[in-house]
Structure formats: structure tokens, C-alpha cells
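These are the residues of each chain, in order.
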Amino acid sequence: MTLQNVTVIIPAHNRPERLRRLFDYYSRTDIKILVPDSSDHPFADAEKYPDITYLHRPKLHFLLKLKEVLPMISTPYVLYCADDDFAVPSGIAQMTAFLDEHPDYSTAQGHYLTFTPRKGKISFYPRYIRYFDKQVTGETPRERLLQEKNMYASLLYSVIRTRAFQRMYAACFNPDGSLRFRNLFLAEEFFNHAALIFGKYATLPYFYSAREHITGSAAETTVPVSVIKTSHKYREEYQGFLLALSELLAAREGDTLEDAFSFICSISDMPKDTAEISGKRKIMEFTHKHPLLRWVNRLANWRYNQKGLKAVRGMQSYPCTFSTPEKEEIIKAIEHS
């Protein structure tokens with residue numbers, strides 16, 4: 001299997017042990033790897049992986065790291081892989097093959113597993129089970145953006161066409177090179193919207209990625225998008241986000257910037273979740289902050305996992321309870337790290 005048509009970007013940050021196992025995992029492939037690493041200290045074993053382009057940029061913001069590697073992408077497709085994830089090579093190959101055959105699609109991803117190494121055992125559970133057959137197929141950018149508001153999971157780690165990827169991130173910067181926005185949740189929402197401005201989206205029935213469940217992640221210290229959108233403190237940042245998307249939409253549709261900005265504002269203001277889902281999320285956030293109530297979160301996670309296992313039982317794209325070569329490769333990489 002050859003994957004010379006795709007680049008994997010690993011935006012590493014202070015997880016050298018995860019980065020090492022991921023390097024070992026991909027060292028058996030011909031995937032082009034770019035690693036902009038904002039860790040406090042450089043990765044000690046970088047020279048052992050001469051085929052990987054490694055850049056140590058301590059404390060550099062995610063989008064600024066990305067800006068540096070954008071010109072280095074020479075393949076037709078690109079994707080992110082977090083340093084604690086495993087994007088499966090065979091799954092990536094299925095996505096690029098699909099995009100080759102469907103030029104009206106800009107991005108695609110497959111099915112995800114969550115894994116937790118604990119006491120010598122690695123437990124796998126399905127992830128995003130409400131989302132496993134989702135597609136966004138509107139013929140125009142506006143139709144697709146309206147469809148996207150009902151989606152459950154992010155497109156951030158999907159395979160995307162490099163031309164769209166480079167153009168959308170170029171819009172994140174002002175003419176003087178400064179960032180239009182910095183919030184990481186906002187950056188993820190930007191990707192979701194921008195990818196659909198350039199084309200359709202599909203979730204395909206293939207095992208695509210395994211994500212490690214880690215508590216205390218950076219997401220817990222990032223200001224929520226709901227605050228960014230409503231607080232006067234972040235008004236300039238939010239306006240930069242809206243302007244970046246508006247410029248992309250106006251250029252794609254040949255529309256005026258004013259009309260595109262009005263539409264992007266209306267899309268951004270629409271609630272992404274139902275009241276029930278938002279309510280549950282607030283309860284989980286509250287109980288997680290109080291040690292005596294964290295059993296509620298553990299129970300909720302257990303129930304979600306059991307529901308997921310039942311929903312995807314026997315599906316080859318969710319090998320939670322049975323073995324596949326792709327899953328065994330991931331287990332080997334985890335056990336040898």
C-alpha cells in the first residue's frame with residue numbers, strides 16, 4: 001500500500017512518549033510526515049527518524065506552527081493526526097481513493113475508536129456513534145453550511161484536499177501576518193465551516209482513527225466558543241473569525257463580502273446542539289469539577305460505551321471487541337512505547 005499522495009501533520013506539544021510511538025507507527029509507511037512541535041524541549045530522538053520533517057518551535061501557537069508548514073505540503077491530500085492518536089494508514093488510503101473519484105467532495109473521514117491503556121490492558125470503544133453515516137451533500141457552500149449545523153463531530157482530523165487546506169488557513173491571517181483569532185475551539189469551528197465552503201463531506205464505513213482518552217487535556221483550559229461569541233472581551237477575535245470565513249465564502253460564490261458576512265454571522269449564531277444535549281454537557285462539566293461527583297461522569301461514560309458497543313456490534317469499521325490487522329498494529333505501537 002502506497003500513501004505518497006498524502007501528508008500527515010502532527011502538531012505535537014509536550015507529549016514526547018506519544019510522539020515516539022507515533023513515529024514508530026508511521027516509520028513502516030511511506031506517508032510524508034510534518035511535525036511542528038511547540039513543546040518546551042525538543043524531541044530527543046528526532047534524528048532517529050530522518051524521513052520525518054521535524055520543527056521545534058517552543059510555545060508557538062497552533063496556527064502559527066501551521067503557517068510555517070503550509071508551504072511544505074506538496075501532496076494532493078493532507079490531514080492532522082494528534083500526537084496521542086493513530087490515523088490508520090489503510091483508512092487514510094480509503095479516504096484519498098474516495099476523494100480521487102469524487103471531485104465535488106473536499107474532505108472525508110471514517111470511523112473512530114477511543115482507547116484507554118490501563119493495568120496492562122487496552123480497552124477500545126466506539127466514538128462518534130451518532131455520526132457514523134453522516135454526509136454533507138449540498139450543492140452550494142451555503143446549503144452545506146446549513147447542513148453542517150446538525151452535525152455531531154468535528155471534521156478537523158479528516159483527509160482534505162491540500163489546495164483547500166492551504167487557501168482556508170491563509171485566510172486566518174491579517175495582511176501584516178498577525179492572527180485573526182487564537183482560540184483553539186474557534187479554530188476547529190473555522191475548519192468545519194471552511195472545509196464545506198470548498199466542497200462536500202462524507203463519513204465512510206472504514207476504521208480510520210484511534211484516539212486515546214486522556215483527562216486533563218488542553219481543551220479543559222481553553223475558553224469555550226460560547227464565551228468567545230458573547231463576551232465583549234473577545235469581540236475583536238470573534239470578528240476576525242467571521243471575516244476570515246466571509247472572505248472564503250465571497251470568493252467561492254462570487255458574492256459581495258457584506259452579503260457573505262451576514263450569512264456567516266447567521267450560521268455562527270445558530271445553536272449546534274439541541275437543548276437536551278447542551279443541558280447534559282453542562283451537567284457533565286459541573287460534576288467533573290467536583291471530585292465527589294465525578295462518579296456521575298464515570299457512570300455516564302460507561303453507559304455511553306456500552307450503548308456504543310451494542311450499536312456497532314460486528315461492524316468491521318469498529319473493531320472494538322475483535323481483532324483486525326489495523327487494530328493489532330496500534331496495540332503493538334502502544335505496548336512498545
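Now for a quick tour of the structure. These numbers come from a predicted model, not from an experiment.

### Description of the overall build of the protein chain
Here is step 1: Check the secondary structure of the protein chain and you find twelve helices and ten strands.
Here is step 2: Computed over C-alpha atoms, the radius of gyration of the protein chain comes to 20 Å, within 12% of the 20 Å expected from 2.2 N^0.38 for 337 residues, which places it in the range of a compact globule.
Here is step 3: Seen along its three principal axes, the alpha-carbon backbone of the protein chain occupies a region of about 55 × 50 × 40 Å.
Here is step 4: The proportion of buried residues among the 337 residues of the protein chain is 50%.
Here is step 5: Summarising the internal contacts of the protein chain: among those between residues at least 6 apart in sequence, 74% fall at separations of at least 24.
Here is step 6: Looking at the protein chain as shown, the accessible area adds up to about 16800 Å², and 54% of this sits on carbon and sulfur atoms.
Here is step 7: In the protein chain, which carries 44 positive and 39 negative side-chain charges, the distance between the mean positions of the two groups comes to 6 Å.

### A look at the packing of helix H4 (residues 141-148) against helix H6 (residues 184-198)
Here is step 1: It is at 8 Å that the axes of H4 and H6 come closest, and there the two elements cross at 145°. Once H4 is placed against H6, the crossing between them reads as right-handed. The residues of H6 that touch H4, namely those facing Pro 141, Arg 144, Leu 145 and Glu 148, are Asn 192, His 193, Leu 196, Ile 197 and Phe 198.

### A word on the pattern of salt bridges
Here is step 1: The full count for this structure, using the stated rule, is 19 salt bridges.
Here is step 2: Residue Arg 15 is joined to Asp 83 by a salt bridge in which the shortest nitrogen-to-oxygen separation is 3.3 Å. Residue Arg 15 is located in the loop between strand S1 (6-9) and helix H1 (16-26), and its partner Asp 83 is located in the loop between strand S4 (77-80) and strand S5 (85-87); the two are separated by 68 residues in the primary sequence.
Here is step 3: Through salt bridges that share partners, Glu 17, Arg 18, Arg 21 and Glu 212 make up one connected network.

### Some details on helix H11 (residues 294-311)
Within an α-helix, residues lying three or four positions from one another point in the same direction, as the helix has 3.6 residues per turn.
Here is step 1: Look at H11: 26 Å from first C-alpha to last across 18 residues, which is about the 26 Å you get at 1.5 Å a residue.
Here is step 2: Buried within H11 are the following residues: Asn 297, Asn 305, Gly 308 and Leu 309. All buried residues of H11 fall inside an arc of 105° around its axis, so they share one side. Counted as exposed and oriented over 90 degrees from the buried face of H11: Trp 302, Arg 303, Lys 307 and Lys 310.

### Some thoughts on the environment of Asn 183
Here is step 1: Looking at where Asn 183 falls in the secondary structure, it is placed in the loop between helix H5 (162-170) and H6.
Here is step 2: Ignoring anything within four residues of it in the chain, the contact list for Asn 183 reads Thr 222, Val 223, Val 225, Ile 228 and Glu 237.
Here is step 3: Within polar-contact distance, the side chain of Asn 183 engages the backbone oxygen of Val 223 at 2.8 Å.

### Focus: unusual backbone geometry
Here is step 1: With phi around 55°, Asn 14 is a residue other than glycine that occupies positive phi space.
Here is step 2: Checked against the element boundaries, Asn 14 lands in the loop between S1 and H1.
Here is step 3: Phi is positive for Lys 59, close to 65°, though the residue is something other than glycine.
Here is step 4: Here Lys 59 shows up in the loop between strand S3 (52-56) and helix H2 (62-69).

### Side note on the pairing of strand S2 (residues 32-37)
Here is step 1: Most of S2 sits out of view: five of its six residues are buried.
Here is step 2: Once the chain exits S1 it traverses H1 before rejoining the sheet at S2, and the crossover so formed is right-handed.
Here is step 3: Relative to S3, S2 is paired through five bridges, and the arrangement is parallel. Across the sheet, Pro 36 pairs through a bridge with Leu 55, a residue of S3.

### Brief notes about the side chain of Ser 39
Here is step 1: Mapped onto the elements, Ser 39 comes out in the loop between S2 and S3.
Here is step 2: Taking the relative accessible area as the measure of exposure, Ser 39 reaches 6% and is therefore buried.
Here is step 3: Reaching out from Ser 39, the side chain makes a polar contact with the backbone nitrogen of Asn 14 at a distance of 2.5 Å.
Here is step 4: The residues contacting Ser 39, other than those within four sequence positions of it, are Ala 12, His 13, Asn 14, Arg 15, His 56, Pro 58 and Lys 59.

### Topic: the pairing of S1
Here is step 1: In S1, alternate side chains face the same way, and those of Val 6 and Val 8 on one face and Thr 7 and Ile 9 on the other are all buried.
Here is step 2: Inspection of the sheet shows S1 paired to S4 by four bridges, in the parallel sense. Looking at S4, one finds that Val 6 is bridged to Tyr 77.
Here is step 3: Sheet analysis places S1 next to S2, joined by three bridges and oriented parallel. Looking at S2, one finds that Ile 9 is bridged to Leu 34.

### Section: the environment of Ala 202
Here is step 1: Inspection of the secondary structure assignment puts Ala 202 in strand S10 (residues 200-212).
Here is step 2: On a C-alpha basis, the gap between Ala 202 and Leu 184 in space is 24 Å, while along the polypeptide they are 18 residues apart.
Here is step 3: Residues within four places of Ala 202 in sequence aside, it is in contact with Phe 98, Tyr 105, Thr 107, Ala 108, Gln 109, Lys 134 and Gln 135.

What counts, and at which threshold
Residues numbered from 1 in each chain as written. Predicted model: local features only at pLDDT ≥ 70, side-chain atom pairs only at ≥ 80, totals over all residues. Heavy atoms only, no water. Helix = DSSP H or I, 4+ residues; strand = E, 2+ residues; numbered from the N terminus. Rg over C-alpha atoms; globule rule 2.2 N^0.38 Å. Buried < 20%, exposed > 50% of the residue type's maximum accessible area, 1.4 Å probe, protein only. Contact = heavy atoms within 4.5 Å. Areas by Shrake-Rupley, 256 points an atom, 1.4 Å probe, with all protein chains shown as cover. Lys, Arg positive; Asp, Glu negative; His and termini not counted. Charge placed at Lys NZ, Arg CZ, Asp CG, Glu CD. Axes fitted to C-alpha atoms, helices over the stretch in contact; angles between N-to-C directions. Left-handed = near helix turned anticlockwise from the far one by under 90°. Salt bridge = Lys/Arg side-chain N within 4 Å of Asp/Glu carboxyl O. Expected span 1.5 Å × (residues − 1). Arc of directions from axis to C-beta. Polar contact = N/O pair within 3.5 Å; in protein donor to acceptor, adjacent residues only side chain to side chain. Right-handed = clockwise from strand over helix to strand, strands pointing away. Pairing = 2+ DSSP bridges.

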